[in-house]
Amino acid sequence: MPGWRWPSLLVHRCGGALAPENTLAGLRIAARLGCRAVEFDVMLSRDKLPVLIHDETLARTAGVAVAVPQLDAEHLLATDVGRCFHPAFTGETIPSLSAALKACAELGLAANVEIKPAAGVEAETGSVVGELLRARRVADSPEILLSSFSIEALAAAAAHVPELPRALLVESHTPQNLALALQLGCVSLNVGCNGLEAKHVSDTLSAGLRVMAYTVNTCEAAAQLTDWGVCGLFTDRPDLLHARQT
């Protein structure tokens, strides 16, 4: 669509299946493969620093059954999330949002910042992320797309940085979700690929929004979605899909 400059392939959670999720190591691997855009999740520490993590606990990524919102940033930034993925990544820790944005800028990666609030702090998380992005230095800032499943978080972030493009994340396409994305001033509806149909894509494009789909891990699915008009694919297998594009 005219005016849409975003890369068509975004590496899910920084590195997809090739690196510990939401880490700087993942960003480096994505860049090394020649990818031009990544997606990552942002949550607040107890002392309100935005850090990269998907789950509300460290159980899956660090093997520690502790809730992220109960830990200060100092603790989280020192938490090893590489060892559980593979011993080769031992010592890879949770990065701050600021560190991830700086790395993206240095590596030439556009960043889809998914606001992933813990339960009960949706608006606060969006507001803190928006404030950080508003205060960022141009030299440390890649091209950014904001997204969230949380309407409250996305609206709160947009209040601070209305100039940044944003997308509503949804599990499936419905007329109600499309209407919400339009009300929020989004440029894209980011939707799960399971159950997505050509008509859903067509209806969204006709409404003036782009469609980005997650999580697409086969060349066959990527080809079909692209043929339908999906303009962005989130993938865990950038090694496969980037090779298809080049």
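One can find the structure itself at the top, above this paragraph.
S.K.: Outline the packing of aromatic side chains, listing residues and values.
M.R.: This model, assessed by the stated rule, comprises two aromatic pairs. Ring centres of Phe85 and Phe89 lie 5.6 Å apart, and the angle between their planes is 75°; this geometry places the pair in the edge-to-face category. Look at Phe149 and Tyr214: their rings are 6.3 Å apart centre to centre, the planes differ by 90°, and that puts the pair in the edge-to-face class. Within this pair, whereas Phe149 is found in the loop between strand S7 (144-148) and helix H6 (151-160), its partner Tyr214 is found in strand S10 (residues 210-214), the two being separated by 65 residues in sequence. By relative accessible area, which is 18% here, Tyr214 ends up buried.

S.K.: Please provide a residue-by-residue account of the packing of helix H4 (residues 97-107) against helix H5 (residues 122-135), values included.
M.R.: At their nearest, the axes of H4 and H5 sit 11 Å apart, and the two run at 45° to each other. The angle between H4 and H5 places the two elements in the oblique class. With respect to the hand of their crossing, H4 and H5 are arranged in right-handed fashion. Facing H4, whose interface residues are Leu97, Ser98 and Leu101, H5 presents Val129, Leu132 and Leu133. Residue classes in the contact of H4 with H5 are distributed as five nonpolar, one polar and no charged.

S.K.: Can you lay out the pattern of salt bridges for me, pointing to particular residues and giving the numbers?
M.R.: Enumeration over the complete set of coordinates arrives at 12 salt bridges. The salt bridge involving Glu21 is made with Arg13; its shortest N-O contact spans 3.2 Å. Taken as a pair, Glu21 and Arg13 share a single burial class, namely buried. The shortest N-O distance in the salt bridge between Arg60 and Asp55 comes to 2.8 Å. Overall, the relative accessible area of 17% leaves Asp55 in the buried class. What emerges from the salt-bridge pattern is a single network uniting Arg13, Glu21, Asp41, Asp55 and Arg60.

What counts and what doesn't
- Residues numbered from 1 in each chain as written.
- Predicted model: local features only at pLDDT ≥ 70, side-chain atom pairs only at ≥ 80, totals over all residues.
- Heavy atoms only, no water.
- Phe/Tyr/Trp six-rings, centres within 6.5 Å; stacked < 30°, edge-to-face > 60°.
- Helix = DSSP H or I, 4+ residues; strand = E, 2+ residues; numbered from the N terminus.
- Buried < 20%, exposed > 50% of the residue type's maximum accessible area, 1.4 Å probe, protein only.
- Axes fitted to C-alpha atoms, helices over the stretch in contact; angles between N-to-C directions.
- Parallel < 35°, antiparallel > 145°, perpendicular 65-115°, else oblique.
- Left-handed = near helix turned anticlockwise from the far one by under 90°.
- Contact = heavy atoms within 4.5 Å.
- Nonpolar A, V, L, I, M, F, W, Y, C, P; charged D, E, K, R; others polar.
- Salt bridge = Lys/Arg side-chain N within 4 Å of Asp/Glu carboxyl O.

From the geometry alone we can't say anything about function, so treat these as descriptive.
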